[in-house]
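This is what each chain is made of:
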Amino acid sequence: IKSIGKLKGLLISGGEPFLREDLADIVIEYVLRCRVEVASIPTNGFNTAGILKAVITILENCRNLSLTFAVSLDGLYGAHDKQRNFPGGFTKAIETMRQASDLKKRYPLLRLLVVTVITPDNADSLRPISEYVREEVNPDHHWFEPMRKAGAGDFLSHITRDGLRGFLRENIIYYHKKSAGSSKNIYSSRFLNRAIINFSLNNLEIALDNFFNNKPWPVRCVAGRKIAALYPNGDIAACEL
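Residues numbered from 1 in each chain as written. Predicted model: local features only at pLDDT ≥ 70, side-chain atom pairs only at ≥ 80, totals over all residues. Heavy atoms only, no water.

Some words on the overall build of the chain
Stage number 1. A tally of helices and strands in the chain yields eight helices and seven strands.
Stage number 2. Whereas a compact globule of 241 residues would reach a radius of gyration of roughly 18 Å, the chain reaches 18 Å, a difference of no more than 12%.
Stage number 3. Once the C-alpha set of the chain is aligned to its principal axes, its extents read approximately 50 × 40 × 40 Å.
Stage number 4. Burial statistics for the chain: of 241 residues in total, 38% are counted as buried.
Stage number 5. At a minimum sequence separation of 6, the contacts of the chain that also span at least 24 residues come to 70%.
Stage number 6. Entry remark: accessible area of the chain is about 14,100 Å², with carbon and sulfur atoms responsible for 53%. (Helix = DSSP H or I, 4+ residues; strand = E, 2+ residues; numbered from the N terminus. Rg over C-alpha atoms; globule rule 2.2 N^0.38 Å. Buried < 20%, exposed > 50% of the residue type's maximum accessible area, 1.4 Å probe, protein only. Contact = heavy atoms within 4.5 Å. Areas by Shrake-Rupley, 256 points an atom, 1.4 Å probe, with all protein chains shown as cover.)

This is the structure:
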């Protein structure tokens, strides 16, 4: 951390980052020494008290940090527990998200993100998952990501291309419009909000073209120039992949 210099953003990865008792200390060191402005931490939400304690510690010591707290949710009730092989994991994740949502009243720079990995097991349940999250959690955003190393054919027996495309477009529009009017971010401008929606939808079409048709991305990768992945043993890679 002492040798890196200034960093715009910090993405903690896992496994489960909150298994580390010194996680808050690590993030605080990065923020103070590298002047990190935005950070993101994923979790399965298994340990509500310990997770929220670490989040509060970070926010109390880093008042200008924009922190995204991302909870994984891959199904509803037993379906989530089965995919994660973690009995009771769904209930714990929902409780963690509800309490994190309450924290946003005290810490306006805290952002709650729900992440659902699309797999052949849940591809036909995306809308019920989405509706449950909106009603019970009310996050800042709910992100859906196709499972790595799975081809389009793995999903198409459960959902059509147009069905997946339509659902993902509607989801992006819903959450961007939900953010409109907030004085805490750039979405407060109606013009910028519309521009961001169009930009996000364009990126979605590029991603779907890549996923379904194996079409190359039309932009150059910045891995190794603007981002890098640091591993626990000290190795550095151009990116996490």
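Moving on, there is more to tell.
Considerations on the pairing of strand S2 (residues 38-43)
Stage number 1. The pairing of strand S1 (residues 9-11) with S2 spans three bridges and is parallel. Its bridge partner being in S2, Leu10 is matched across the sheet by Ala39.
Stage number 2. Crossover handedness for the path S1 to helix H1 (residues 23-34) to S2: right-handed.
Stage number 3. By the bridge criterion, six bridges tie S2 to strand S3 (residues 66-72) in an arrangement that is parallel. Looking at the pairing, Pro42 lines up with Ala70 of S3.
Stage number 4. Each parallel crossover has a hand, and the one from S2 via helix H2 (residues 48-61) to S3 is right-handed. (Pairing = 2+ DSSP bridges. Right-handed = clockwise from strand over helix to strand, strands pointing away.)

Thoughts on the state of the cysteines
Stage number 1. Considering all chains together, one arrives at zero disulfides under this definition.
Stage number 2. Left unpaired, Cys34 is separated from the closest cysteine sulfur, that of Cys62, by 12 Å.
Stage number 3. By relative accessible area, which is 0% here, Cys34 ends up buried.
Stage number 4. Cys221 provides the cysteine sulfur closest to Cys239, a residue in no disulfide bond, and the two sulfurs are 6.1 Å apart.
Stage number 5. For Cys239, a relative accessible area of 27% puts it in the partly exposed group. (Disulfide = S-S within 2.5 Å.)

Observations concerning the confidence of the model for the chain
Detailed reading of the predicted model is not advised wherever pLDDT is low.
Stage number 1. Summarising the model, the chain shows a mean pLDDT of 90, and 95% of its residues fall at 70 or more.
Stage number 2. In the predicted structure, residues 183-187 sits below a pLDDT of 50 and forms twelve contacts with residues beyond four places in sequence or in another chain. (pLDDT = per-residue confidence, 0-100.)

Section: the environment of Lys6
Stage number 1. The topology assignment puts Lys6 in the segment before S1.
Stage number 2. The contacts of Lys6, once residues within four sequence positions are left out, are Cys34, Arg35 and Glu37.
Stage number 3. Within the structure, the side chain of Lys6 is placed 3.3 Å from the side chain of Glu37, a separation counted as a polar contact. (Polar contact = N/O pair within 3.5 Å; in protein donor to acceptor, adjacent residues only side chain to side chain.)

Some words on a nonpolar patch on the surface
Stage number 1. Taken together, the side chains of Ile4, Leu230 and Ile236 make up a nonpolar region of the molecular surface, amounting to roughly 300 Å² of accessible area.
Stage number 2. In this fold, Ile236 is placed in strand S7 (residues 236-237).
Stage number 3. Taking the relative accessible area as the measure of exposure, Ile236 reaches 63% and is therefore exposed. (Patch = residues over 30% accessible without salt bridge, like charges linked within 9 Å, V, L, I, M, F, W, Y side chains within 5 Å. Salt bridge = Lys/Arg side-chain N within 4 Å of Asp/Glu carboxyl O.)

Quick look at the pairing of strand S5 (residues 141-146)
Stage number 1. As defined by bridge partners, strand S4 (residues 110-118) adjoins S5 across six bridges and the pair is classed as parallel. Looking at the pairing, Val115 lines up with Trp143 of S5.

Some remarks on H1
One full turn of an α-helix is made of 3.6 residues, so residues set three or four places apart face in the same direction.
Stage number 1. In this model, H1 (twelve residues) spans 16 Å end to end at C-alpha, consistent with the 16 Å of a helix rising 1.5 Å per residue.
Stage number 2. Along H1, the residues that are buried comprise Leu23, Ala24, Val27, Ile28, Tyr30, Val31 and Cys34.
Stage number 3. In the segment just after H1, Arg35 is the residue with positive phi, at about 55°. (Expected span 1.5 Å × (residues − 1).)

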